[in-house]
Every structure is written in C-alpha cells, then in structure tokens.
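Here are the chains, one letter per residue:
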Amino acid sequence: MRVDRGMFSSLRIRVAGGFAGLLALFLLLISGQFVVGERLRVEHIAHAEQLDLLHDTNQAVMQQMTNAETGVRGFQLTGDGAFLQPYDSGRSAAFEALGDLAAIVDDPEVSRLLQSEREAAENWLYGYAIPIVNAGEADTDADRLARGKELFDRLRTANSDVTAAIDAYGDSLARDERADTRAATLLFGSLAVVVVLAGMGLALLHQRHLLGPLEDIRNTLRRLAGGDLTARARPVGPGELKAVAGSVNDLAAETERLINAERARAARSELRQAVAAELRSEGDPKETAWRMAMLVGNAMGADAVHGRVTLQPGEHFEVHWPPNAATLDPMVADELKNTPPGQTITPATLPGGLAVPLSGDSGCPPGMMCVVRPGGPEWTPEERRLLAALAREIDHNVHQFRLQLRQARLISELRVLDEQKDVFVSTVTHELRTPLTSILGYTEMLVEDEDDSFSPIQKRGLDAILRNANRLQETVTDLLLLDRSNERVGAQAVPVDVAGVVDGLYDSLGTAARAKDLRWDVTTEPAWVLGDAGQLERALRNLLENSIKFTDPGGRLECRVGTAGDRVVIEITDTGIGIPADDLPGLFTPFHRASNAMHQAVQGSGLGLAIVRNIVSEHGGTVTARSELGQGSTFTITLPLSQQPLAEPTRSGRG
C-alpha cells in the first residue's frame, strides 16, 4: 500500500511538473513572438516614417528653390520687384528644410550628398541670384543667364542624387528587416516544435494512468444524463480520480432530490410568469388584480386572497378572491404598518394567514397582499419567498404606473409653460421694438448733429447709449427669429452658392480678423444648396463672429467648404478658448452660454448658436460642435446638396 501511495504521489508530481513545463514553454513562445513581432513592427513603422520624412523634406527643398528661381527669372524678364517675393520666401524655406534634413539623416552617403546639394544651392545663390537681386535691376547678360541655368541644373542633379541615396538607404533598411523577420520566424518555429514534442510526450506518459479511469467516469456521467440514476463510477486510478468518482456517485444520489425540488421551482416560476403577464396586460386594473388573485390562490392552495393598492392619490381599490370570501379583519392592516415592504408575516389575528405589505409614496398610502389557508399546512419558506417575490413584482409595476401618470401630468404642465414662455417672449420683444426705435432715432440725430455744444463726456455717453441700444435691438431681433418656430425663415428657396456666401463673409469680416492679427484660411469649392441666402449668411456669420471673438490675438481661423456625397459640408475651426465638455450638450439651446465665456466676461446673449441651429434645421441640415478646452473648437454644418445652376470655376484657398 505504501508503494501504491508513493507511485500516485510520483504520478501527481509528474503530471503537475509536465503541465507546468508545457505551459512555461507555451507562454515563452507566445510572449516572445509577441515582443519580437511588436519590436519588428515598431522598427518598420519608424523606418517608413523616417524615409517618408526624408523624401518629403528633400522634395520641399527642390520646390522652394524652384520658387526662388522662378521669382528671379520673372524679375529678369519684367524688372518688376514684386516677382522677388517668392525668391525671398523660397530661399529661406529651402535652407531651413536642408537644415531639417541634416538633423534627421543618419546615413553617411545621404549626408555626403546632402552637403553637395547645400553647396549647389549656395553656388546658385551667390553665383547668380544674389548679385542680380542686390543690383536691383534686370541683368540681360546672356553669359550670366546661361551660368545661372547651369548652376540651377547642378542643384537639380544634386537633389536627384539625394533622392536616389534615400531610396538606396530604404532598400538597405528593408533587407535588414527581412533578415530579422526570417531569423525570428526560424526561432519561433523551433520553439513551436519543442512545445508540440513536449505535449506529445506528456500525453504518452500519462495515457495509461489517466484515460482508463476518466473513460469510466465519462460513461457513468452519460448514463446519469440519460436518466439512469443507478449508474455508479468505479473508484480506481490515482487518488484524485478516486475522489472524482466518489463525487460522481454522490451526485447520482442527490439527483432525484434535486429533480423534485426543480419541479416545485418550475411551478413557482410559471406562477410568477403568469402574474407578470397579467401585470403587462392592458385593461381595467381591477379586473387584472382579480385574475392575479385567482392565480395566486390556486397555485398556493389558499382558501382566500385579499389585496389593496393605491394607483394615485385618491384612487385605491381592494380585491377579494373568491367573490364570496370573508372580509379581511382590519387588525391585519394594523399589524402590517410596522413591517418593511416585501417582508412576509403571519398575522396573529388571522389564523393560517400570510401577508406582505406593498410600498407607498407621496400621496399614495402603502398597500398589502394576503393569502389565507386556515385548514392547510403551515407556510413553507419556499412559499414565503414566492409570495414576497410576487409582491415585489406587483409593487414594481404599481410604482411604474404611478410614475407614468406623474410623467404625463408633468409633460402637460411643461407644455403649458412652454406656450406661456412663447407668449411672454413674443409680447416682450414686440413691446421693446417701439421704444427702441425712438431711442435709436433720437440718439442717432444727436450723434450726427455737428453742433459742438456737447462736451466730450456727453459725446461718450451718447455713443454708449447708441451702442447698447443697437445691441439690445439685435437681441430683440434674435428673440423674434427664435419665436417663429412654426414659420419658414427667409424667402422662397432658391439655389445658393455656399462658397460665394463664405467668400463674401471673408471680405466683410476680414477687418475684424486682421485687427486681432488672426490668420484666416478659407478653402472653398462650388457647393450649391436650395434655401435662403440671407439666412444662411446669418448662420455662417454668427459662427465666424464667434470664432473671431473667442480667439486670442495671433490665433488661427479656418473655414472649409466642400461636398461629401449628396451633402454640402462646411467646417469652421479656430484656436480659441474652447468649450468645457459639460457645456457641449446644451450648446445650441437658447440663452445657453459656456461657463468659461461667462467667467471671462465675454459679452453675448446666448442666442446666436440657437439661431444657427434653427436656420440649418429649416434647410434640412445639421450642425455639430466638437471642442477641447484651451485648444479651440470646430463647428460642422451639413446641408443637402443641390444641382448647380451654371458651371462655376473651382475656387482656391484664401489666406
């Protein structure tokens, strides 16, 4: 017996050690392949990015030098100094690109050819371009012109040599990558073979000691699954398998008890499903409650079922099953007052009774549910849990019904408030327009009066009155526009060139942008929509004015107009103060303003973006915003694309 125990102990050690070794080899294979593969991928990406950067920068050198050469040639032909502008920008940009190339090149041959390219560029500048530019007049000397062309051709040749050297450098990197990949493949292939051989050896080693007992256990489980509760496993093999066989035998002995218990649970589950189905049915709540009481009474073997519930303040009802059941003693309700909802009790005043309270809320007192079985057996824990679960289901549905009723009332009240708000806004705005017209008219008369009888302080006061009256009039106009929610804004729809609208705004708002030293880039292409040109201009003006207002001096503003499928897409991007993430959801609602704009005391009524949304919606489009605090914002408008009435030339970007 001691020998057998030692053998089984040794077997367990071998099994554990074999599987641990196999797992270690497998993890080594997977982790090593992942690490090496990831490293090779990262190196490949880095090399590809480096080569792309080298090519792009070298091409930029040639492009900038070509711009400089074109400027000098134009000056030579016309004598106009304006042609030298691309010469100045191209020369500085080219040498800046050469410096960038020298900083990132790590190949000796490319570095050598790059130095030759720099020398060729300097020879053309100092040998041809700079003397002409410094002289300030066109030089018609044929020899000098031929010399300049020869020097620039050398520059082109040097640039091509650098490109070829970069390609050769890329080929060298590719060869090294392929060699590394082959080596890694060979290494991990060898490791895979080792793992397979180790697994086969482990399987052969333990087949005899494990498969026989496991097969017997499998057959026993199959017989049990087929309904043969007399099936038993033979306790043979290692100690662990003997323990498994003993557990299987215990399982067979317990199965019959579990089957019986499961049948009882299935009956209770069917009752809960039937009650839930009744709760979901539409109809008279009293009839539904009576049917549920009948289901509960029949399923639980009760002689009587009583229930009371309040659906809303002042509306409660009671149900009794069967109809001839005796009235419930009021003392039962008193006993339930101190019982938490959902907890069952056996009332002292009701023999054979089992009751559970239902929760109430504001204006709805608690209800109850009670089953009575005076001559039957005592209530089992399973029956108590069943009644409590049914009560929770009923309580939940009653609570949801109350919420629906309150929600309907709240929606009705909100609708009335919204109508009152519309009436208030309409009344206030119309009442403000008449006095505003008088204030603006008389103030403009005083401001335009050439009489010098006003002191400087009085003139500043008149200017402030006029400025704020105009601002108030714009706010009133915005309110009137928002108030016409059921009317079509603008005139009858006509073809509108959105690109033309943006170009017009570029001209009209350019002064404000330049006053803040903003760089404004506009890129447009023909994009036509059906709509009201005036209202579309108003929407785009609001967005552009916001971008200018919220962008610090020296910032950047971009406006792009294009098409995507059957939609016109307008994007306005700035580098302004941005919008907090919490303020983005309500950005296009009236009177909503971002918290950082209010903290910085930036003036505004909070109506501009709401007007943008209304105008875009009325044109069948959408407007969205994305922003990062402190980095800027991007507003995107999409509108249905319309047929272009006449062929229009493609517009280029403006900056």
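The model shown is predicted, which means the values in this text are computed figures rather than measured ones. (Residues numbered from 1 in each chain as written. Predicted model: local features only at pLDDT ≥ 70, side-chain atom pairs only at ≥ 80, totals over all residues. Heavy atoms only, no water.)

Caption draft 1: Just the overall build of the protein, in detail. On a plain count of helices and strands, the protein comes out with 13 helices and 11 strands. When burial is assessed residue by residue, the protein has 34% of its 655 residues classed as buried. A separation threshold of at least 6 residues defines the contact pool for the protein, and within that pool the share at least 24 residues apart is 67%. As displayed, the protein offers around 37800 Å² of accessible surface, 56% of which is attributable to carbon and sulfur atoms. (Helix = DSSP H or I, 4+ residues; strand = E, 2+ residues; numbered from the N terminus. Buried < 20%, exposed > 50% of the residue type's maximum accessible area, 1.4 Å probe, protein only. Contact = heavy atoms within 4.5 Å. Areas by Shrake-Rupley, 256 points an atom, 1.4 Å probe, with all protein chains shown as cover.)

Caption draft 2: Focus on the packing of helix α11 (residues 533-549) against helix α13 (residues 608-618). In contact at an axis separation of 9 Å, α11 and α13 are set at 145 degrees when each is read in the N-to-C sense. As for how α11 packs across α13, the hand of that crossing is left-handed. Across the interface between the two elements, Q535, L536, R538, A539, N542, L543 and N546 of α11 pack against G608, L609, I611, V612 and I615 of α13. Counted by class, the contact of α11 with α13 contains seven nonpolar, four polar and one charged residues. (Axes fitted to C-alpha atoms, helices over the stretch in contact; angles between N-to-C directions. Left-handed = near helix turned anticlockwise from the far one by under 90°. Nonpolar A, V, L, I, M, F, W, Y, C, P; charged D, E, K, R; others polar.)

Caption draft 3: Broad picture of the sheet that holds strand β9 (residues 567-574). Taken together, the five strands give an open sheet; going across it, the order is β6-β8-β9-β11-β10, and neighbouring strands pair in mixed fashion. The sheet terminates laterally at β6 (519-523) and β10 (622-628), the two strands that pair on one side only. Across the sheet, the mean angle from the axis of one strand to that of its neighbour is 10 degrees, orientation sign disregarded. Relative to strand β11 (residues 632-640), β9 runs antiparallel, the two being bridged by eight bridges. Pairing of V569 across the sheet is with T638, part of β11. Against the sheet, helix α10 (residues 498-515) makes contact with β6, β8 (556-564) and β9, and its axis sits at roughly 170 degrees relative to β6, the strand it touches most. Set on the sheet, α13 makes contact with β10 and β11; between it and β11 the angle comes to about 20 degrees. (Pairing = 2+ DSSP bridges.)

Caption draft 4: The arrangement of the pattern of salt bridges in detail. A complete count under the given rule lists 17 salt bridges for this structure. Among the ionic pairs, E150 bridges to R147, the shortest N-O distance being 3.9 Å. With E150 and R147 both in helix α4 (residues 142-225), this residue pair falls three residues apart, about one helical turn. A relative accessible area of 37% places E150 in the partly exposed class. For R147, a relative accessible area of 39% puts it in the partly exposed group. R560 is paired through a salt bridge with E571; the nearest N and O atoms lie 2.7 Å apart. Taken together, the residues span a long stretch of sequence, with R560 in strand β8 and E571 in strand β9 at a distance of 11 residues. Several salt bridges share partner residues, and in doing so they unite R556, E558, R560 and E571 into one network. (Salt bridge = Lys/Arg side-chain N within 4 Å of Asp/Glu carboxyl O.)

Caption draft 5: Spatial organisation of empty space enclosed by the protein. Applying the stated rule across the entire model yields one cavity of 30 Å³ or more. Within this model, the largest cavity holds a volume of roughly 50 Å³. Around the largest cavity, the lining residues are V498, L536, A539, L540, I570, V616, I637 and L639. Taken together, the elements giving at least two residues each to the lining of the largest cavity come down to α11 and β11. The leading source of residues in the lining of the largest cavity is α11, at three residues. (1 Å grid on protein atoms, 1.4 Å probe; cavity = no way out; pocket = protein on both sides within 12 Å on 5 of 7 lines; lining within 4 Å. Points joined across faces, edges and corners; volume = space filled by probe spheres on them.)

Caption draft 6: Highlighting the packing of α10 against α11. Between α10 and α11, whose axes approach to 10 Å, the crossing angle comes to 35 degrees. Crossing handedness for the pair α10 and α11: right-handed. Contacts between α10 and α11 pair V498, V501, V502, L505, S508, L509, A512 and A513 from the former with E537, L540, R541, L544, E545 and I548 from the latter. Residue composition of the contact of α10 with α11, by class: 10 nonpolar, one polar and three charged.

Caption draft 7: Region of interest: the side chain of Q50. Within the secondary structure, Q50 sits in helix α1 (residues 2-78). With a relative accessible area of 17%, Q50 lands in the buried category.

Caption draft 8: Local environment of the sheet that holds strand β2 (residues 315-321). The four strands are arranged β2-β1-β4-β3 in an open sheet whose pairing can be described as antiparallel. Bordering the open sheet on either side are β2 and β3 (353-358), each of which pairs with just one other strand. On average, adjacent strands in this sheet sit at an angle of 10 degrees to one another, irrespective of strand direction. This element, helix α6 (residues 285-300), spans β1 (304-312), β2 and β4 (367-372) of the sheet and lies at about 35 degrees to β2.

Caption draft 9: Just helix α3 (residues 108-135), in detail. Taking 1.5 Å of rise per residue, the 28 residues of α3 would be expected to cover 40 Å, and the 39 Å separating its terminal C-alpha atoms lies within 8% of that figure. Approximately 45 degrees is the largest bend angle found in α3, and it occurs at A129, with the proline P131 only one to four residues beyond. For α3, the complete set of buried residues consists of V110, L113, L114, E117, A120, A121, W124, L125, Y128, A129, I130 and I132. Looking one or two residues past α3, G136 carries a phi angle of roughly 80 degrees, positive in sign. (Expected span 1.5 Å × (residues − 1). Bend = angle between axes of the 7 residues up to and from the residue.)

Caption draft 10: A nonpolar patch on the surface, seen in detail. Taken together, the side chains of L23, F26, L27 and I30 make up a nonpolar region of the molecular surface, amounting to roughly 380 Å² of accessible area. Looking at the element boundaries, L27 is found in helix α1. Accessibility expressed as a relative area gives 49% for L27, which makes it partly exposed. (Patch = residues over 30% accessible without salt bridge, like charges linked within 9 Å, V, L, I, M, F, W, Y side chains within 5 Å.)

Caption draft 11: Representation of the pairing of β1. Most of β1 sits out of view: seven of its nine residues are buried. Direction of pairing for β1 relative to β4: antiparallel, over a ladder of five bridges. Bridge pairing in β4 places G307 opposite M369. By the bridge criterion, seven bridges tie β1 to β2 in an arrangement that is antiparallel. Bridge pairing in β2 places Q312 opposite E315.

Caption draft 12: Representation of the packing of aromatic side chains within the structure. This model, assessed by the stated rule, comprises three aromatic pairs. A ring pair is formed by W124 and F152, whose centres lie 5.4 Å apart and whose planes are at 70 degrees; its orientation type is edge-to-face. Highlighted residues: W124 in helix α3 and F152 in helix α4, separated in sequence by 28 residues. Across the pair, F152 and W124 agree in class, each one buried. An aromatic cluster of three or more residues is present, and its members are W124, Y128 and F152. We note R373 situated over the ring of W379; from NZ or CZ to the ring centre the distance is 3.8 Å. (Phe/Tyr/Trp six-rings, centres within 6.5 Å; stacked < 30°, edge-to-face > 60°. Lys NZ or Arg CZ within 6 Å of the ring centre and 35° of its normal.)

Caption draft 13: Looking closely at the confidence of the model for the protein. For the protein, the mean per-residue pLDDT works out to 78, and 80% of the residues sit at or above 70. Model confidence for the protein, summarised as mean pLDDT per element, is weakest for helix α12 (residues 595-599) at 56 and strongest for β9 at 94. Note that residues 1-8 has pLDDT below 50 and, in this model, three contacts with residues that lie over four places away or in other chains. Here residues 485-491 is a poorly scored stretch, pLDDT under 50, and it has 10 contacts once near neighbours within four places are set aside; other chains count. (pLDDT = per-residue confidence, 0-100.)

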